[in-house]
Amino acid sequence: MDRYLTVAEVSAAARQLVSRYPGAGRLRRVGTSRAGRPLEMLSVGHGPAHVLVVARPHPDEPVGAVTALSLAERVARGDGRTPATDPARVTWDVVLCLDPDGAALSDGVEEATAGPAPALERYFRAAFRPVAAEQPEWAPIESARLPESGALFDLIDDRRPVLQCSLHGIEAGGAFAQLTDDLPGFAEGFHTAAAGLSVPVQHGTFDALYWENPAPGVHVLPPPESTGRLAAGSENIGRSTWCAPRRYGGVTAIVEVPMWASAWADDPSPRPDAVSALRGLSRLVRDGGEQVTAVLDKGRGFLPPPEESAPRRVLEWMADGLYDLVADSWQPLARQAAAGGERLTTAQICALDVVARRQPLRAAGLLLRLLSASDDPAAPSLHDELHALFTAWCADFARESGLRWVPVRDQVDLQSRTVLAAAECALRSAR
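Structure report, in brief. No experiment lies behind these values; they were computed from the predicted model shown.

What counts as what
Residues numbered from 1 in each chain as written. Predicted model: local features only at pLDDT ≥ 70, side-chain atom pairs only at ≥ 80, totals over all residues. Heavy atoms only, no water. Helix = DSSP H or I, 4+ residues; strand = E, 2+ residues; numbered from the N terminus. Expected span 1.5 Å × (residues − 1). Buried < 20%, exposed > 50% of the residue type's maximum accessible area, 1.4 Å probe, protein only. Core = buried A, V, L, I, M, F, W, Y, C linked by side-chain atoms within 4.5 Å. Contact = heavy atoms within 4.5 Å. Axes fitted to C-alpha atoms, helices over the stretch in contact; angles between N-to-C directions. Parallel < 35°, antiparallel > 145°, perpendicular 65-115°, else oblique. Left-handed = near helix turned anticlockwise from the far one by under 90°. Phe/Tyr/Trp six-rings, centres within 6.5 Å; stacked < 30°, edge-to-face > 60°.

**Remarks on helix H2 (residues 63–77)**
Here is step 1: Given a rise of 1.5 Å per residue, 15 residues ought to cover 21 Å, and the 22 Å separating the end C-alpha atoms of H2 matches this to within 8%.
Here is step 2: The element H2 is largely enclosed, with a buried count of 12 among its 15 residues.
Here is step 3: Within H2 the residues assigned to the buried category are Val63, Gly64, Ala65, Val66, Thr67, Ala68, Leu69, Leu71, Ala72, Glu73, Val75 and Ala76.
Here is step 4: Looking one or two residues past H2, Gly78 carries a phi angle of roughly 70°, positive in sign.

Written out as structure tokens, the structure is:
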């Protein structure tokens, strides 16, 4: 498979799999989204140990749905070549899409990234990611009650998985994994898979900035007494669906693979101007955010109100301090570097550079979408003003980060092999 699949295509493929392997797979509805869409789970195998796979927790990251089907197919075939794929030992429970409402607002991503060399512009124009309080995995941290989160918590309580795998994808950079607890031996399998596909392993990442880092691209959540080390906004991470399997001795692996690989993602060389680079990235995210917000200010009078428009809610959320929150989160690193502490590498700066660039691009893509749909006379000129910034930012991103497209089949292969490596380690630890 060398393209992403829509939610409807994934559901249809799951039904076909159940038909092709009678008795091996079961498909059922496990919940309902806020907008009434079904949450479907495909189970394959009949073993006593459970591995729970969660696809598309973020709607702008479609690779996980294809990976989920690939894993299910492998187990349904019953090859049993490893303990993790032995259907008599392990049951794989696959949530096909955790956020179908968000996916409906990101349904152009599959087409936008079709073809051998998709462009960043098409992706960011089509992608949608909800505010934190509307993201099923993250909403409990914000004390928000979502039916999607509740359904996942119920599955975890029912299945008591030895491993939960949350399938994510990052726009650019390298592959990495976040673990709620250490999985001895995992890094070796992960690194072997990435090397075999020539996908860089991300040395350092914004998503787990202050987590333990026992191996390149592997990040382990600090113990509860050390949560003060976490980046702002994630102090209550223990409430998230990621940490729920801990109640039963299980581990969660958040598996990230890049759409576009960066030439600098795995460069371990010290960055000589790290303090200056961090300050520049802080300016980059703040300035980009201010420019998008300036266009938003001009269109607020005729754009759909936040209570009626999820994209508008995201824009207001980002304008209300998110850019500053991101930029401020890097200040401890800047202070450490200025004081002569641990030297930052080119790869670490690369990870932060991706975030500094993608935040304004996400906002600009959403605002361009709203402006394109508006019939207000002022909308076209505002669209042109923002589009000029947007295309320039995309070109700078691709050039400065040395980006190359990773074929979908390689993204899926890497994510599948990483999940299987995590499952083998979790099963050994559970003995």
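**Details of the nonpolar core**
Here is step 1: If you look at the biggest cluster of nonpolar residues, it comprises 122 residues, and the most contacted ones within it are Trp92, Leu163, Leu183, Phe186, Trp330 and Leu367.
Here is step 2: With 13 residues, the single largest contributor to this core is helix H11 (residues 346–373).
Here is step 3: Discounting residues that sit within four places of it in the chain, Trp92 has contacts with Leu42, Ser43, Val44, Val51, Val53, Leu71, Val75, Ala84, Val419, Leu420 and Ala423.
Here is step 4: By size, the runner-up hydrophobic cluster in this structure holds 13 residues, among which are Met41, Val95, Leu155 and Ile156.

**Some thoughts on the packing of helix H8 (residues 274–299) against helix H9 (residues 310–328)**
Here is step 1: The interhelical angle for the contact between H8 and H9, taken along N-to-C directions, is 160°, at an axis separation of 9 Å. The orientation of H8 relative to H9 falls into the category roughly antiparallel. Relative to H9, H8 is oriented so that their crossing is left-handed. Residue-level inspection shows Ser282, Val285, Arg286, Gly289, Thr293 and Leu296 of H8 in contact with H9, the latter providing Arg312, Leu315, Glu316, Ala319, Tyr323, Asp324, Val326, Ala327 and Asp328.

**With respect to the packing of aromatic side chains**
Here is step 1: Under the criterion given, the structure shown has 6 aromatic pairs.
Here is step 2: Between Trp260 and Trp405 the ring centres are 4.9 Å apart and the planes differ by 65°, which places this aromatic pair in the edge-to-face class. Of this pair, Trp260 sits in strand S9 (residues 251–262) while Trp405 sits in strand S10 (residues 403–405), and the two are 145 residues apart along the sequence. The residues Trp260 and Trp405 share a single accessibility class, namely buried.
Here is step 3: The structure contains a cluster of three or more aromatic residues connected by ring pairs, namely Tyr123, Phe124, Trp260 and Trp405.

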